[in-house]
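Now for the letters of each chain:
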Amino acid sequence: MRDMIAKLKPVIGGTKVVKMTVHPTHASVDVPRKDDPEVYDSYDYRDGTVTGPRSGSTFDTPLIDLATFNWDALPSLLKKAKSDLGARAPISHHMIVEPDYSFASMKQVLLVYASDTYSRGGYLVVSPQGKVLKVVS
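Residues numbered from 1 in each chain as written. Predicted model: local features only at pLDDT ≥ 70, side-chain atom pairs only at ≥ 80, totals over all residues. Heavy atoms only, no water.

A few points about the sheet that holds strand 7 (residues 92-98)
Phase 1: As summarised here, the arrangement of the eight strands in space is 5-4-3-2-7-8-9-10, forming an open sheet in which the pairing is antiparallel. At either margin of the open sheet sits one strand with a lone partner, and together these are strand 5 (49-58) and strand 10 (132-136). Within this sheet the neighbouring strands show an average axis-to-axis angle of 15°, counted without direction.
Phase 2: Relative to strand 4 (residues 39-46), strand 3 (residues 26-32) runs antiparallel, the two being bridged by seven bridges. Residue His26 lies in a different strand from strand 4, and its bridge partner there is Arg46.
Phase 3: Relative to strand 4, helix 1 (residues 2-12) is tilted by about 140°, and along the sheet it contacts strand 2 (19-22), strand 3, strand 4 and strand 5.
Phase 4: Running at roughly 45° to strand 8 (residues 109-115), helix 2 (residues 74-84) makes contact with strand 7, strand 8, strand 9 (121-126) and strand 10 of the sheet. (Pairing = 2+ DSSP bridges. Helix = DSSP H or I, 4+ residues; strand = E, 2+ residues; numbered from the N terminus. Axes fitted to C-alpha atoms, helices over the stretch in contact; angles between N-to-C directions. Contact = heavy atoms within 4.5 Å.)

Here it is as C-alpha cells:
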C-alpha cells in the first residue's frame, strides 16, 4: 500500500482522495480535480504503474487522506477478514477506503472484504488507526 501511495502521490498531487478500491492485483482511485473541486477523475494502479485520468462524476462526500491510515495493520486485518467473516474457503478479497460510511460512528473507514465462491463472507469496518469497529457477515 505504501509503495502504491508513493507512486500515486506525484500523479494525483497528494494523498487526499474521494474514494479508493484496492484488489489484490490493481486499485482504482477517485481524485478531485484541482480546477473543478466538485468533480473527480479516476486513476488506476496496476503492476507499479499509474494510468489515467478518466472522467469520473460529481461527489458530495468529504475527502479522505490516505496518509492517515495505519497500513501496518493491514496484514492482520486481511487475516482476520479471511478467518472471521464466514467464508469457508475465501477466494476473493478487496478493500475500500470509504470517506462517508453511514453505519458506524466513525465515518472515514477502511472496509476489508472476504468471500468464497458461494458469496459467503462479509466485511470488517476498520478505523484509520486499524481498530475493527464492526464485523458485517
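Structural notes on the pattern of salt bridges
Where charged atoms from two side chains of opposite charge approach closely, those side chains can pair.
Phase 1: A complete count under the given rule lists eight salt bridges for this structure.
Phase 2: The salt bridge partner of Asp3 is Lys7, with a shortest N-O separation of 3.7 Å. Note that Asp3 and Lys7 are positioned in helix 1 at a spacing of four residues, about one turn of the helix.
Phase 3: Since its relative accessible area comes to 47%, Asp3 is described here as partly exposed.
Phase 4: Salt-bridge contacts for Lys80 lead to Asp84; the nearest nitrogen and oxygen are separated by 2.6 Å. With Lys80 and Asp84 both in helix 2 and four residues apart, the pair spans about one turn of that helix.
Phase 5: Sharing partners across several salt bridges, the network here consists of Arg33, Asp35 and Asp41. (Salt bridge = Lys/Arg side-chain N within 4 Å of Asp/Glu carboxyl O. Buried < 20%, exposed > 50% of the residue type's maximum accessible area, 1.4 Å probe, protein only.)

A short note on unusual backbone geometry
Phase 1: Note that the residue after Gly52, namely Pro53, is joined by a cis bond; omega there is 10°.
Phase 2: Within the element layout of this structure, Pro53 appears in strand 5.
Phase 3: Phi angles above zero are rare outside glycine, and Asp47 is one such case at about 55°.
Phase 4: Tracing the backbone shows Asp47 in the loop between strand 4 and strand 5.
Phase 5: Unusually for a residue other than glycine, Ser119 sits at a positive phi of about 65°.
Phase 6: With respect to the secondary-structure elements, Ser119 resides in the loop between strand 8 and strand 9.

Remember, this is a structural readout, not a statement about activity or role.
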